[in-house]
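Coordinate inspection notes
Residues per chain are reported as follows:
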Amino acid sequence: MDSGNAELHPENRSLPPPDDMVGCDEKWIKKAILEAMAAAAQGEVPIGAVLVKDDELISTGRNSPIALNDPTAHAEINAIRAAAATLKNYRLVGTTLYVTLEPCVMCIGAILHARIDRLVYGARDPKSGAVSSIYNIGQDGLLNHTLEIEGPVLEHECAALLKDFFGKKRQIRKQARADSI
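Rules and cut-offs
- Residues numbered from 1 in each chain as written.
- Predicted model: local features only at pLDDT ≥ 70, side-chain atom pairs only at ≥ 80, totals over all residues.
- Heavy atoms only, no water.
- Helix = DSSP H or I, 4+ residues; strand = E, 2+ residues; numbered from the N terminus.
- Buried < 20%, exposed > 50% of the residue type's maximum accessible area, 1.4 Å probe, protein only.
- Contact = heavy atoms within 4.5 Å.
- Areas by Shrake-Rupley, 256 points an atom, 1.4 Å probe, with all protein chains shown as cover.
- Pairing = 2+ DSSP bridges.
- Axes fitted to C-alpha atoms, helices over the stretch in contact; angles between N-to-C directions.

Some thoughts on the overall build of the protein chain
Check the secondary structure of the protein chain and you find five helices and five strands. For the protein chain, the N- to C-terminal ordering of α and β elements is α-β-β-α-α-β-α-β-β-α. Across the 181 residues in the protein chain, those meeting the buried criterion constitute 39%. Long-range contacts, defined here as pairs at least 24 residues apart, represent 54% of the contacts in the protein chain between residues at least 6 apart. Put simply, the protein chain shows about 10400 Å² of open surface, and 55% of that area lies on carbon and sulfur atoms.

The following block contains the structure:
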């Protein structure tokens, strides 16, 4: 083997020990939570994402389908688009995407097409989760790209954002109905 190319071989990459990886994952999920909070402040469903390479932030994304009138403007898609523009490449090899909610089918498709190496998600999505809750896309061996998937990470914190957001929405609707009587 040519030692000049040793860094190109996955077995030669130096990964942090598992305990450090957990701390690193929590650090980046917390950054995604900040993006989710910003989405909620704009009236969007509070989901946030950050894309990282070599422990450096490449891009962020938050839900914005309402503001952009774009049903594809999920946090993951926005982070992927921003990263591709920053890196000037549609392939995001060597990156990790951190997102506060388990991705949907559309988003996991984009993650796989971008060739992201690793996905870390916060809360499970029992209604439309496409990596562990309903489907196992990306790790079922059926596609030409496999993905390392970790999650849930900081599940309680990530789920609480959604629960609080939708609880407030229900309360506003309830109050509006009461006011109209």
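So, next bit.
Overview of the sheet that holds strand β4 (residues 118-123)
Spatial ordering of the open sheet is given by β2-β1-β3-β4-β5, a layout of five strands whose pairing is mixed. The outermost strands of the open sheet, each flanked by one partner alone, are β2 (56-62) and β5 (148-150). Strand-to-strand twist of the sheet, defined as the mean angle between neighbouring strand axes without regard to direction, takes the value 15°. Taken together, the five bridges between strand β1 (residues 48-53) and strand β3 (residues 95-101) define a ladder with antiparallel strand orientation. Bridged to L51 within β3 is L97. On top of the sheet, helix α3 (residues 75-87) reaches β1, β2 and β3; it is set at about 140° to β2, its chief contact.

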